[in-house]
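Residue-level listing of the chains:
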Amino acid sequence: MTPWIQGLLPFLQWPRPTGSALRKDAIAGITVGLVLIPQAIAYATLAGMPPITGLYAALLPGIVGILWGSSSLLAVGPVALTSLLTYAALAPLAEPESPHWVTLAIWLALYAGVIQFLLGALRLGVIANFVSNAVITGFLNAAALIILVSQLPALLGLSGEGLLPALRQLTEHGLNPDAAWLWTLIFGPGALLLLWLQKRTLPRFPGVLVVCVLGIAISAWLGFQALGGDVVGSVPSGLPVLQWPDALTVEQHRSLLPAAVIIALISFTEAMSSARSLPSPDGRLWDQNQELVGQGLAKVASGLSGAFPVSGSFSRSALNRYVGATSGWSALFAAFCTLLCLLFFTGYLQHLPRAILAAIIILPVFGLLDPMAFVRLWRASVDDGLVGVATFLVTLASVPYLHWGVLTGFLLSILFFLYRRSHPRLIELGLHTAGTLRDRALHGLPPVAPGVLALRMDASLTYITAPLLDRFIRKRLRAEPEIRVVLICASAMNAMDATGADTLGTLRRDLDQRGVRLTLSGVKKQVRDVLDHTGLMAALGEHNLFANNREAIAALSATEDRTQE
């Protein structure tokens with residue numbers, strides 16, 4: 001099979017399934033599917049979408065994502081974080097669950113999918129690495145808090161917008177309880193408790209489905225909706241109709257693009273962390289560019305299905321592997337479960353209390369909260385600690401415009417990165433008793449040889465660092481006029497650009513006029529090539545380039561001894 005065909009149809013590389021493997025995949029796929037169905041409906045409500053669109057987002061996107069992705073165990077479909085980002089992006093533009101809201105969500109899925117697809121097709125997956133772990137940590141913790149607060153009213157049967165209005169309403173309900181509210185307190189917190197116990201005691205058991213079935217049965221028996229309880233309501237049956245969404249204005253398209261970029265990067269980072277933690281049972285290597293293609297096509301499929309952006313689910317992927325999945329066939333079995341639900345079982349969903357959906361959303365979101373992650377970031381790097389905290393605070397403060405938190409963290413990360421790269425470690429070296437070259441000032445060492453200034457810069461010689469090296473050498477020469485040799489230990493230089501070459505050439509000419517010799521040691525091939533191409537090699541002369549520091553010290557020491565004689 002040619003590489004072109006492999007890239008176009010990666011699922012053709014799947015190993016031929018055996019009967020035993022298919023049985024394992026069927027069990028795993030059905031288990032994940034039974035969890036996926038209620039989660040899809042819950043995440044649709046989190047995204048402000050009609051409940052049926054959650055099932056649409058779980059069907060075709062799950063198939064496309066596994067067929068064109070690179071991870072055989074990654075479960076693609078609705079997830080909490082992407083649903084929250086969708087809601088945050090659309091909240092200023094339309095009313096949740098309205099036709100216009102649905103149209104905007106479809107376009108958002110299409111845009112985010114096209115962005116991911118192009119990044120993967122152009123082999124630009126490395127761009128996703130520009131969103132640092134510190135940014136992700138800060139954003140995930142803030143997003144988890146936002147999701148928890150947003151679901152508390154539904155969990156407790158309150159209609160207030162925001163935490164404080166909900167708490168005031170909770171007090172009023174406590175003084176004047178009614179049947180619907182009391183039953184909601186049983187459905188919501190009760191479902192949360194059952195799901196927590198199931199996760200701790202029977203992690204393979206589809207507790208989400210059991211809780212939903214019990215909730216539907218009790219709700220229907222009580223006439224919960226007639227009492228005034230909040231339920232899902234009528235859910236249409238049938239397959240999604242693939243069609244192009246309604247047109248938007250240019251301004252509306254422009255307003256969706258920043259959110260689409262954020263969703264593309266954040267959702268792929270989430271999927272990437274899941275794929276990396278789930279090694280493929282069939283031995284296939286994970287390919288971030290191919291996964292971008294798969295994730296992008298899955299989002300496009302979701303949009304054309306009339307749904308919202310999807311992503312890889314860490315919890316369902318982990319369950320998939322834990323139950324014993326061996327290949328991507330498990331995802332196809334999970335999609336088959338969704339298909340059956342769409343065709344035959346949507347009528348039973350109308351009695352499902354929304355308090356149970358809130359519990360389904362809240363429990364996995366607790367796993368996103370990790371306050372100690374900020375401590376770990378701070379211990380590893382103060383820069384990362386600041387980026388994580390800033391992302392966290394700005395995300396919370398910018399609700400519903402959550403992308404400002406990510407943009408703030410991203411810009412801070414870039415600024416810190418550039419600052420550190422523009423201030424590399426630049427030290428004068430001295431000869432240690434162990435025979436190695438170390439920081440002369442730190443260890444109080446003598447020079448490597450009389451009249452020799454040896455220095456090392458732990459960075460490439462570029463337009464950012466070249467002026468620092470030039471200034472350092474000139475300051476040392478002004479302070480010690482007796483210096484006759486400058487030795488640049490270049491083993492840490494991995495590259496040299498045009499500015500670096502020009503700076504080195506000018507420095508050589510100035511030093512030569514002063515009677516000071518410029519030498520280099522440990523020059524790597526890529527730097528030597530630049531010296532060759534710019535004529536610096538010929539100007540310096542081979543006698544001024546040494547293979548390593550030991551050779552340079554021996555030669556320069558011998559030269560200085562002869563000079564003194």
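To be clear, the structure that these remarks concern was listed above.
As the structure is a computational prediction, the values presented were derived from the model and not from experiment.

Enquirer: Before we go on, may I ask you to explain the overall build of the protein in this structure?
Expert: In terms of helices and strands, the protein carries 23 helices and 8 strands. Rg of the C-alpha trace for the protein: 31 Å, well past the compact-globule value of 24 Å for 565 residues, more than 25% over. Taken along its principal axes, the extent of the C-alpha atoms in the protein is 105 × 60 × 50 Å. Across the 565 residues in the protein, those meeting the buried criterion constitute 52%. With an accessible surface of roughly 25700 Å², the protein has 64% of that area assigned to carbon and sulfur atoms. Averaging the locations of the 38 positively and 33 negatively charged side chains of the protein gives two centres separated by 6 Å.

Enquirer: Explain the nonpolar core to me, please; I cannot follow it from the model alone.
Expert: Nonpolar side chains tend to gather and get buried jointly when the protein is soluble and globular. Membership of the largest hydrophobic core comes to 103 residues, with the highest contact counts inside it found for L55 and I266. In contact with I266, not counting residues within four places along its chain, are L81, L85, V131, I136, F139 and V406. In this structure, L469, I488, L511 and V523 belong to the second largest nonpolar core, which totals 32 residues.

Enquirer: Can you walk me through the packing of helix α8 (residues 179-201) against helix α14 (residues 354-366) in this structure?
Expert: Each packed pair of helices is defined by two parameters, the angle between the axes and the distance between the axes. Direction vectors running N to C along α8 and α14 enclose 35°, while the axes themselves pass 8 Å from each other. Regarding α8 and α14, the two cross each other, and that crossing is right-handed. For the pair α8 and α14, the contacting residues are T184, F187, G188, A191, L192, L195, W196 and K199 in the first and A355, I356, A359, I360, I362 and L363 in the second. The residue inventory of the contact of α8 with α14, partitioned by class, reads 11 nonpolar, 2 polar and 1 charged.

Enquirer: I would appreciate a short explanation of helix α17 (residues 403-422) in the present structure.
Expert: An ideal rise of 1.5 Å per residue puts 28 Å on 20 residues; α17 measures up with 28 Å between its terminal C-alpha atoms. Residues of α17 that are buried: H403, G405, V406, G409, S413 and S422.

Enquirer: What's the story with the sheet that holds strand β7 (residues 517-521) in this structure? I'm lost.
Expert: Across a sheet, paired strands are connected by hydrogen bonds in the backbone, their directions being either parallel or antiparallel. Pairing is mixed in the open sheet, where 6 strands are placed in the order β4-β3-β5-β6-β7-β8. At either margin of the open sheet sits one strand with a lone partner, and together these are β4 (437-439) and β8 (545-546). One ladder, built from 5 bridges, connects strand β6 (residues 485-489) with β7; its direction is parallel. Bridge pairing in β7 links C489 to S521. Sitting on the sheet, helix α20 (residues 498-513) is in contact with β6 and β7, with an inclination near 140° to β7.

Enquirer: Explain the environment of I63 to me, please; I cannot follow it from the model alone.
Expert: Within the secondary structure, I63 sits in helix α3 (residues 51-68). Between the C-alpha atom of I63 and that of L158, which follows or precedes it by 95 residues, the distance is 37 Å. Leave out the neighbours within four places in its chain, and I63 touches L332 and A335.

Enquirer: It is not clear to me how empty space enclosed by the protein should be interpreted in this structure. Could you clarify?
Expert: The final tally for this structure, using the stated rule, is 1 cavity of 30 Å³ or more. Its boundaries defined by the atoms lining it, the largest cavity holds a volume of some 130 Å³. Lining the largest cavity, in full, are V32, L36, A58, G62, A75, V76, R316, N320, S330, A331, A334 and A335. At the level of elements, α2 (19-46), α3, β1 (75-77), α12 (314-323) and α13 (329-345) are the ones that each hand at least two residues to the lining of the largest cavity. The residue makeup of the lining of the largest cavity, split by class, is 8 nonpolar, 3 polar and 1 charged.

Enquirer: Help me out: how do you make sense of the pairing of strand β5 (residues 452-457) in this one?
Expert: In terms of residue burial, β5 counts as a mostly covered element, since 6 of its 6 residues are buried. Where burial is concerned, the two faces of β5 agree: the one with V452, A454 and R456 and the one with L453, L455 and M457 are both buried. Bridge analysis of strand β3 (residues 426-431) against β5 gives 3 bridges, and the strand direction is antiparallel. Its bridge partner lying in β5, E428 is registered against L455.

Enquirer: Help me understand the packing of aromatic side chains, please; the structure alone is not making it clear to me.
Expert: For any pair of aromatic rings, geometry is given as the distance between the ring centres together with the angle between the planes. For the structure shown, the criterion picks out 9 aromatic pairs. Taking 5.3 Å as the distance between ring centres and 55° as the angle between the ring planes, the aromatic pair formed by Y87 and W101 counts as tilted. Taken as a pair, Y87 in helix α4 (residues 80-90) and W101 in helix α5 (residues 99-121) lie far apart in primary sequence, 14 residues in all. The partly exposed category is assigned to Y87, whose relative accessible area is 30%. One aromatic cluster in this structure is built from W107, Y111 and W244.

Enquirer: Just to check I follow, could you spell out a positive patch on the surface for this structure?
Expert: The grouping of R471, K475, R478 and R514 at the surface amounts to a positive patch. Topologically, R478 is positioned in helix α19 (residues 466-479).

Enquirer: Sorry, what's going on with the environment of L67 here?
Expert: If you trace the backbone, L67 turns up in helix α3. Judged by relative accessible area, which is 17%, L67 ranks as buried. Along the primary structure L67 and W329 are separated by 262 residues, whereas in three dimensions their C-alpha atoms are 9.4 Å apart. Contacts of L67, omitting those with residues within four sequence positions, involve P10, F11 and W14.

Conventions and cut-offs
Residues numbered from 1 in each chain as written. Predicted model: local features only at pLDDT ≥ 70, side-chain atom pairs only at ≥ 80, totals over all residues. Heavy atoms only, no water. Helix = DSSP H or I, 4+ residues; strand = E, 2+ residues; numbered from the N terminus. Rg over C-alpha atoms; globule rule 2.2 N^0.38 Å. Buried < 20%, exposed > 50% of the residue type's maximum accessible area, 1.4 Å probe, protein only. Areas by Shrake-Rupley, 256 points an atom, 1.4 Å probe, with all protein chains shown as cover. Lys, Arg positive; Asp, Glu negative; His and termini not counted. Charge placed at Lys NZ, Arg CZ, Asp CG, Glu CD. Core = buried A, V, L, I, M, F, W, Y, C linked by side-chain atoms within 4.5 Å. Contact = heavy atoms within 4.5 Å. Axes fitted to C-alpha atoms, helices over the stretch in contact; angles between N-to-C directions. Left-handed = near helix turned anticlockwise from the far one by under 90°. Nonpolar A, V, L, I, M, F, W, Y, C, P; charged D, E, K, R; others polar. Expected span 1.5 Å × (residues − 1). Pairing = 2+ DSSP bridges. 1 Å grid on protein atoms, 1.4 Å probe; cavity = no way out; pocket = protein on both sides within 12 Å on 5 of 7 lines; lining within 4 Å. Points joined across faces, edges and corners; volume = space filled by probe spheres on them. Phe/Tyr/Trp six-rings, centres within 6.5 Å; stacked < 30°, edge-to-face > 60°. Patch = residues over 30% accessible without salt bridge, like charges linked within 9 Å, V, L, I, M, F, W, Y side chains within 5 Å. Salt bridge = Lys/Arg side-chain N within 4 Å of Asp/Glu carboxyl O.

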